[in-house]
Amino acid sequence: MIRLLSLKSGLRSYYILTYGCQMNVYDTDRMAGLMEKSGYSQAGSPEDADILIFNTCSVRENAESRVLNKLAQYVHIKEKNKNFIIGVCGCMAKKDGRRLVGSGFSIDFAVSPDNIAVLPSVIEEVYRGRKAVSVSDDTDDAGEFNALRVSSSDSIRSYIPVMKGCDNYCSYCVVPYVRGREVSRSLESVLAEARMNAEAGIKELFLLGQNVNSYRGGHPGGEADFSDLLRHLNEVPGIERIRFTTSHPKDISLKLIEHVAGLEKVCEYIHLPLQSGSDRILALMNRKYSMARFRETVESIREKINDVAVTTDIIVGYPSETEDDFRLTLDAIRDLMFDTAYMFAYSKREGTAAAATPELISPAEKSKRLSVLIEAQNSVSAMINASLVGKTLEVLAERENVKTPGQLMGRTRGNKMAVFPACGAVPGEIVRVAVKSANQATLYG
Ligand code: SAH
Ligand code: SF4
Ligand code: F3S
């Protein structure tokens, strides 16, 4: 996923290219805010900027190679314009910042996600003639992490991290190494940010955390868990919808399921990454649940939350995944009937536990398994969406459909994209849409 934050020009200007997850989208907003505060202005394109910042992702090798290819495209600008500087932020900065700054890519600085507060001073240092790296763990960024901000890149939905980091150490995953240990924001800080966003006209809060179930937010009355946080957020005037990601299947509680079912603003949408349908692979992945327990969790979610959408993530080709293991994943996709699934081929990440296991599955075999799985999930998604034809669903209108004037696009409470005639409605409004047709990805009303 790549998002370009389009920025206007000024005295010294910057442009941020964003890769990776919503956490990075939020961090791009934070960086843009800090740059503005320090007197930099937004450029209209990477070519027009004096400072080009890559906000990067390390989750899979292809996420990194996309950044490296793009970096190579901009290095020539440095030859023509000596004032043009390039920096790497985000997860690649944490993982490889020192190496990248010393590489042939002509990168001038690297700042890791926990060190965003020092971005402007790092840039000043570069203008004083020194390459600069700030990727150490010893920076105390609690103040910056808890600082309040209003989304500047979206006027309808705002991402709010409720926690950062991850303590789960799934064997394949680089996130605990690049994002550090779990730290929750205080209940007050999240609530205050929600209120600020509501006052700025934001309608939907999208709460972020690698595992929101382990949220523990301090407040004067003690400690709030994630369900308590949802209960408080549900009372914020002006906010119409609340959703969140991600719930780790090992930690999702009955209390949380009941809160999603009972709180009217909390959308009926649960992202529950399964990763594999084979108990053997799940154990190797250090996921700490079995297929049977996952199945019970999904049953309980569907029993308690009416019209809930359940989505998942799957990895195929984990080292030592056999044809039989893969078949169990395929069976799981066919019978658990997820609304959608994000499916990935395993990518070896140096430093993770799985990296020590020899990879016996060829890239061709991995892509074959991935295509078979995608095809199976596409037919499940198409079947589920077809069952919505004839129903009337609540949609939050987000934007005009550029392809067809007069039409709006928005998401249902289950996070499905819907396209429908505006009939006088404007982005930001909640409308009722009668679904006339559907495919695996979109509902048409
Ligand atoms: N914290 C979230 C997800 C973080 S990364 C969670 O636990 O669900 C998003 C997804 O990327 C993961 O769910 C996983 O499916 C995938 N992923 C992570 N590391 C990967 C790797 N090394 N190779 C392939 N996919 C990976
Ligand atoms: Fe990675 Fe597992 Fe943490 Fe998710 S829970 S971020 S997959 S280590
Ligand atoms: Fe990627 Fe870092 Fe997010 S590795 S998925 S940008 S936490």
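Structure report, in brief. Please read all numbers here as calculations on a predicted model, not as lab measurements.

### So, the overall build of the chain
Consideration 1: The secondary structure content of the chain amounts to 13 helices and 23 strands.
Consideration 2: For 445 residues, the compact-globule estimate of 2.2 N^0.38 gives 22 Å, and the chain sits close to it at 22 Å.
Consideration 3: Expressed as lengths along the three principal axes of its C-alpha atoms, the size of the chain is roughly 60 × 55 × 50 Å.
Consideration 4: Counting the 445 residues in the chain, one finds 56% classified as buried.
Consideration 5: Pairs at least 24 residues apart make up 72% of the contacts formed inside the chain by residues separated by at least 6 positions.
Consideration 6: Surface accessibility of the chain: about 18800 Å² in total, with carbon and sulfur atoms responsible for 52%.

### A short note on the nonpolar core
Consideration 1: Leu 207, Phe 226, Leu 233 and Phe 244 are the most contacted members of the largest nonpolar core, which has 53 residues in total.
Consideration 2: Not counting the four nearest positions on each side in its chain, Leu 207 is found in contact with Ile 160, Val 162, Phe 226, Leu 230, Leu 233, Ile 242, Arg 243, Phe 244 and Thr 245.
Consideration 3: Val 67, Leu 71, Ile 77 and Ile 107 belong to the second-largest nonpolar core, a separate cluster that totals 23 residues.

### Some words on helix α8 (residues 226-233)
Consideration 1: Within α8, 6 of the 8 residues are buried, leaving the element largely enclosed by the surrounding structure.
Consideration 2: Turning to α8, its buried residues are Phe 226, Ser 227, Asp 228, Leu 229, Leu 230 and Leu 233.
Consideration 3: At its buried positions, α8 is contacted by α7 (187-199), β11 (204-208), β13 (222-225), β14 (241-245) and α9 (254-262).
Consideration 4: One side-chain oxygen at the N-terminal end of α8 lies 3.1 Å from the backbone nitrogen of Ser 227; it belongs to Asp 225.

### Re the sheet that holds β11
Consideration 1: If you walk across this open sheet you meet the 3 strands as β8-β11-β14, and the pairing is parallel. Two strands lie at the open edges of the sheet, namely β8 (157-161) and β14, each paired on one side alone. Strand-to-strand twist in this sheet, taken as the mean axis angle between neighbours without regard to direction, amounts to 25 degrees.
Consideration 2: Direction of pairing for β8 relative to β11: parallel, over a ladder of 5 bridges. Residue pairing for β11: Ile 160 is matched across the bridge by Leu 207.
Consideration 3: Contacts between helix α1 (residues 22-37) and the sheet are confined to β8 and β11, with β8 contributing the most and set at about 100 degrees to the helix.

### Let's talk about the site of ligand 1
Consideration 1: Lining the immediate environment of ligand 1, one finds 15 residues, of which Gln 210, Pro 273, Gln 275, Asp 313 and Ser 347 sit closest.
Consideration 2: Within the side chain of Gln 275, a nitrogen or oxygen atom sits 2.7 Å from an oxygen atom of ligand 1.
Consideration 3: In this structure, Ser 347 approaches ligand 1 through a main-chain N or O atom, which is 2.8 Å from a nitrogen atom.
Consideration 4: When ligand 1 is considered free in solution it has 540 Å² of accessible area, and contact with the protein chains removes 89% of it.

### Some points on the sheet that holds strand β23 (residues 442-444)
Consideration 1: Strand order in the open sheet made by the 6 strands is β21-β18-β19-β20-β23-β22, with mixed pairing throughout. For this open sheet the edge positions go to β21 (430-434) and β22 (437-438), each flanked by a neighbour on one side alone.
Consideration 2: Relative to β23, strand β20 (residues 417-421) is paired through 3 bridges, and the arrangement is parallel. If you follow Met 417 over to β23, its bridge partner there is Thr 442.

### Remarks on the site of ligand 2
Consideration 1: By nearness alone, every residue bordering ligand 2 is listed as Cys 166, Asn 168, Tyr 169, Cys 170, Tyr 172, Cys 173, Val 175, Pro 176, Gln 210, His 248 and Arg 287.
Consideration 2: Here the shell around ligand 2 is built from residues that sort into 7 nonpolar, 3 polar and 1 charged.

### Points about the pattern of salt bridges
Charged atoms that come close allow side chains of opposite charge to pair.
Consideration 1: Inspection of the entire model under this criterion finds 33 salt bridges.
Consideration 2: Here Arg 157 makes a salt bridge to Glu 204, at a shortest N to O gap of 2.8 Å. Taken as a pair, Arg 157 in strand β8 and Glu 204 in strand β11 lie far apart in primary sequence, 47 residues in all. Of the two residues, Arg 157 and Glu 204, neither departs from the other in class, the shared state being buried.

### Things to note about the packing of aromatic side chains
Consideration 1: Applying the stated criterion to the full structure yields 9 aromatic pairs.
Consideration 2: Ring plane angle 70 degrees and centroid distance 6.5 Å describe the contact between Tyr 215 and Phe 226, whose orientation is recorded as edge-to-face. Of this pair, Tyr 215 sits in the loop between β11 and β12 (216-219) while Phe 226 sits in helix α8, placing them 11 residues apart in sequence. Accessibility classification places Tyr 215 together with Phe 226 in one group, the buried group.
Consideration 3: Among the aromatic residues, ring-to-ring pairing joins Tyr 19, Phe 54 and Tyr 74 into one connected group.
Consideration 4: Over the face of the ring belonging to Tyr 127 we find Arg 12, whose NZ or CZ atom lies 3.5 Å from the ring centre.
Consideration 5: The ring of Tyr 269 carries Arg 243 above its face, with NZ or CZ at 5.4 Å from the centroid.

### Quick word on the pairing of strand β5 (residues 85-90)
Consideration 1: Counting buried positions along β5 gives 6 out of 6 residues, so the element sits mostly inside the fold.
Consideration 2: Neither face of β5 is exposed, since Ile 85, Gly 87 and Cys 89 on one face and Ile 86, Val 88 and Gly 90 on the opposite face are all buried.
Consideration 3: Bridge count for strand β4 (residues 51-56) against β5 is 6 bridges, and the pairing is parallel. Note on β5: the bridge partner recorded for Thr 56 is Gly 90.
Consideration 4: Note on the crossover from β4 through helix α2 (residues 61-80) to β5: the handedness is right-handed.

### Focus: the environment of Glu 188
Consideration 1: In this fold, Glu 188 is placed in helix α7.
Consideration 2: Excluding its chain neighbours within four sequence positions, the residues that come into contact with Glu 188 are Gly 218, His 219 and Pro 220.

Scoring rules and cut-offs
- Residues numbered from 1 in each chain as written.
- Chains lettered and ligands numbered in written order.
- Predicted model: local features only at pLDDT ≥ 70, side-chain atom pairs only at ≥ 80, totals over all residues.
- Heavy atoms only, no water.
- Helix = DSSP H or I, 4+ residues; strand = E, 2+ residues; numbered from the N terminus.
- Rg over C-alpha atoms; globule rule 2.2 N^0.38 Å.
- Buried < 20%, exposed > 50% of the residue type's maximum accessible area, 1.4 Å probe, protein only.
- Contact = heavy atoms within 4.5 Å.
- Areas by Shrake-Rupley, 256 points an atom, 1.4 Å probe, with all protein chains shown as cover.
- Core = buried A, V, L, I, M, F, W, Y, C linked by side-chain atoms within 4.5 Å.
- Polar contact = N/O pair within 3.5 Å; in protein donor to acceptor, adjacent residues only side chain to side chain.
- Pairing = 2+ DSSP bridges.
- Axes fitted to C-alpha atoms, helices over the stretch in contact; angles between N-to-C directions.
- Near = heavy atom within 4 Å.
- Nonpolar A, V, L, I, M, F, W, Y, C, P; charged D, E, K, R; others polar.
- Salt bridge = Lys/Arg side-chain N within 4 Å of Asp/Glu carboxyl O.
- Phe/Tyr/Trp six-rings, centres within 6.5 Å; stacked < 30°, edge-to-face > 60°.
- Lys NZ or Arg CZ within 6 Å of the ring centre and 35° of its normal.
- Right-handed = clockwise from strand over helix to strand, strands pointing away.

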